[in-house]
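Secondary and tertiary structure notes
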Amino acid sequence: MKSTHALAAGAALALGSTLLTIGIAPAGAASATAAAHRATPPPKQATMVGTGGGISTVDADASRIGLQVLRQGGNAVDAAVAAAAALGVTEPFSSGIGGGGFFVYYDHRTGKVRTIDGRETAPHAMSHDAFIDPSTGQPYPFTPQRVTSGVSVGTPGSLATWQRALHRWGTRSMARSLRPAAALARRGFVVDRTFNQQVSDNAERFQAFTSTRRLYLRGGHAPTVGSRLRNPDLAATYDLIARKGVRAFYRGALAQQIARTVQRPPKTAGTDLPVMPGSMTRRDLARYRVVDRRPTHVTYRGRDVYGMGPASSGGSTVGEALNILSNYHLSAMSAPAALHHYLEASALAYADRNAYVGDPDKVHVPLADLLSPTYAKERACALSPTTAMAKPVAAGDVSSYDGVCSGAPATGAAREDTENRETTNLTVSDRWGNVVEYTLTIEQTGGSGIVVPHRGFLLNNELTDFSAVYDPHDPNRIEPDKRPRSSISPTIVLRHGKPWLAVGSPGGATIITTVLQILFDRIDRGMTLPQAIAAPRASNQNSATTTAEQAFIDRYGAALAAYGQKFAPPGAPGTSAAEIGAATGIEFGPGRRITVAAEPTRRGGGSARVVRAG
Ligand code: GLU
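Everything in this summary refers to the structure shown in the same document. (Residues numbered from 1 in each chain as written. Predicted model: local features only at pLDDT ≥ 70, side-chain atom pairs only at ≥ 80, totals over all residues. Heavy atoms only, no water.)

Now for the packing of helix 3 (residues 76-90) against helix 5 (residues 158-169). Interaxial distance between helix 3 and helix 5 falls to 9 Å at its minimum, and their mutual angle equals 165 degrees. When the interaxial angle is binned, helix 3 and helix 5 end up roughly antiparallel. The handedness of the crossing between helix 3 and helix 5 is left-handed. Counted together, Val77, Asp78, Val81, Ala84 and Ala85 of helix 3 and Trp162, Ala165, Leu166 and Trp169 of helix 5 form the full contact between these two elements. Looking at the contact of helix 3 with helix 5 residue by residue, the classes come out as eight nonpolar, no polar and one charged. (Axes fitted to C-alpha atoms, helices over the stretch in contact; angles between N-to-C directions. Helix = DSSP H or I, 4+ residues; strand = E, 2+ residues; numbered from the N terminus. Parallel < 35°, antiparallel > 145°, perpendicular 65-115°, else oblique. Left-handed = near helix turned anticlockwise from the far one by under 90°. Contact = heavy atoms within 4.5 Å. Nonpolar A, V, L, I, M, F, W, Y, C, P; charged D, E, K, R; others polar.)

With that settled, consider unusual backbone geometry. Look at the link from Thr143 to Pro144: it is a cis peptide, with omega at 0 degrees. Note that Pro144 resides in helix 4 (residues 142-146). With an omega of 15 degrees, the peptide bond running from Pro310 to Ala311 counts as cis. Mapping Ala311 onto the fold places it in the loop between strand 8 (303-307) and helix 14 (314-325). Even without a glycine there, the phi angle at Arg301 is positive, about 50 degrees. With respect to the secondary-structure elements, Arg301 resides in the loop between strand 7 (296-300) and strand 8. Classification of Arg301 by relative accessible area gives partly exposed; the value is 31%. At Arg603, a residue that is not glycine, the phi angle is positive and equals roughly 50 degrees. Within the element layout of this structure, Arg603 appears in the loop between strand 17 (594-598) and strand 18 (607-613). (Buried < 20%, exposed > 50% of the residue type's maximum accessible area, 1.4 Å probe, protein only.)

Scanning the entire structure with this criterion turns up one disulfide. Across the disulfide from Cys381 sits Cys405; the S-S distance is 2.0 Å. Classification of the bridge connecting Cys381 and Cys405 rests on its S-S torsion, roughly -85 degrees, and on that basis the disulfide is left-handed. In this pair, Cys381 sits in the loop between helix 17 (373-379) and strand 9 (424-430) while Cys405 sits in the loop between helix 17 and strand 9, placing the two residues 24 residues apart along the sequence. (Disulfide = S-S within 2.5 Å.)

Let's shift gears to the pairing of strand 14 (residues 545-548). Burial of strand 14 is one-sided: the residues Thr546 and Ala548 facing one way are buried, the residues Thr545 and Thr547 facing the other way are not. Sheet analysis places strand 13 (residues 538-539) next to strand 14, joined by two bridges and oriented antiparallel. Looking across to strand 14, one finds that Ser539 is bridged to Thr547. For the crossover from strand 14 across helix 20 (residues 550-561) to strand 15 (residues 566-568), the handedness is right-handed. (Pairing = 2+ DSSP bridges. Right-handed = clockwise from strand over helix to strand, strands pointing away.)

Along the chain, Thr171 falls in the loop between helix 5 and helix 6 (174-187). A relative accessible area of 56% places Thr171 in the exposed class. Expressed as a C-alpha distance, the spacing of Thr171 and Gly73, which sit 98 residues apart in the sequence, is 9.3 Å. Beyond its immediate sequence surroundings of up to four residues, Thr171 is in contact with Gly74, Asn75 and Asp78. Engagement of the side chain of Thr171 in a polar contact is seen with the side chain of Asp78, the distance being 2.5 Å. (Polar contact = N/O pair within 3.5 Å; in protein donor to acceptor, adjacent residues only side chain to side chain.)

What follows concerns the pattern of salt bridges. Scanning all chains against the criterion turns up 23 salt bridges. Put simply, Arg522 and Glu587 hold a salt bridge, and the shortest N to O gap is 2.7 Å. With Arg522 in helix 18 (residues 510-523) and Glu587 in strand 16 (residues 584-588), this residue pair connects regions lying 65 residues apart in the sequence. The residues Arg522 and Glu587 share a single accessibility class, namely buried. Look at the salt bridges and you will find they share partners, linking Asp117, Arg293, Asp361 and Arg483 into a network. (Salt bridge = Lys/Arg side-chain N within 4 Å of Asp/Glu carboxyl O.)

And the structure:
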């Protein structure tokens, strides 16, 4: 993340340097100020309590822009779209119009939760063996071939999501919603440590594309911390969409350019990075549609938990795990005992996720079974209160269950986890009581690594979320026009029919357990929402060893070893992630008060804002 905004107290000098930079920057190019003109990113506050609505994102500029919309009378959807567009400027390696996401909305007038599936989609010409090297018959290595490629670029869904959300529930136009983000892109923002690190980590592949190098590696270096980064190309792209509408992206000149970039990635002369071209066409873009989907729903300890249905596995997996945990009186247990149950429930739900969840428009997903309390009761039979199961555990049988225990749990098969840990999430509420929980992504940090030339945004590599090897029984097998399974889990919880809590997180496959753990910590372990967001995390995805932050291992590792639980810190080979899930959330009540919470430290901390503090 990056950030700044020039008008923060003490930033007058920074504004001066910005003007100077604008004066000397070549037209159409991004630019960063020299280190001598270092500015300070605007301050961020992780928790705020108040009334009248609020917003939480990972970024101070995005939260400021969303808050401004709320203060000017916009509703939660208007603020969410404006903030998402801003995140496309300041969090370009996690989100943007080159990516997709899942939008969950509580409407105060109807009292209903609704969702939009804005997932990226495989091109019509994508083949089953798109990720298989014909010379070996094996999948291409994940890094760099699958990650940095045109093949992995899915048809983007973000703009169509914003359009649909504004049309259904918003009060503002797309043009008005994009304006503050366009101004931010034009004026620039102050680069922070996380942004600088993200560019440095990706320097080799960013260097491999003329367009990406031009935007993020001027002079061959990552923008320095405290310098100002402008993206006039993205400002112009937002202006174009504001003038001509979302059609300009899906059908106009932009569509042509996106398809050409995917088919012929703009490689830098002499680069030896292998970059596979993709097959996306203008027709794929013209045919892209978001899907209105019913939310998933389970009840947990008297609350109604609504989540995102397939093509995300978030709602079904969080919901199934909660249903399993419903069978236990967790608040009466010691912390290690309750955590043992949380880890085991996660493993069981993950086994079912891998076996049954994919794009519901292409495969049958037995959602009602996965969310059935009777099914969960039967799954809970495998859970010993004292001893960790041998993992991976097998999926349950959704075709026949009665909640009665019989037989020992079977062993399952391990799956490759190729979901990265970078994405971003925002939570918004307004004065009327509408709530948005929205997770948006371009998948890998930096997506495919390919900026659309002169347009200022990166293309996603979301199709790496498909299983690489085609198996006709795998619900997440590659198919043309299909959405890869996601783990994104935007969640809104109602109590007595009114919003009680909204939460979501980045983190690839750890998103599911992060949201589950926050709900469990809040509801069963008595933490406040800010405490639950800050708490050290552990993520079991049905493997013998649980991925856990070092602080979790230090605090609970020894006690949980007595249950047979094993832990290792995050950081798959080739990644530097040492943390799990920079979440955001809002808790409602008592009365009209809201507690808006962002991450206090992960990814440099997030920014919580309220319309009226106190
Ligand atoms: N591709 C992931 C998913 O849709 C999200 C990526 C991330 O969180 O970093 O589940």
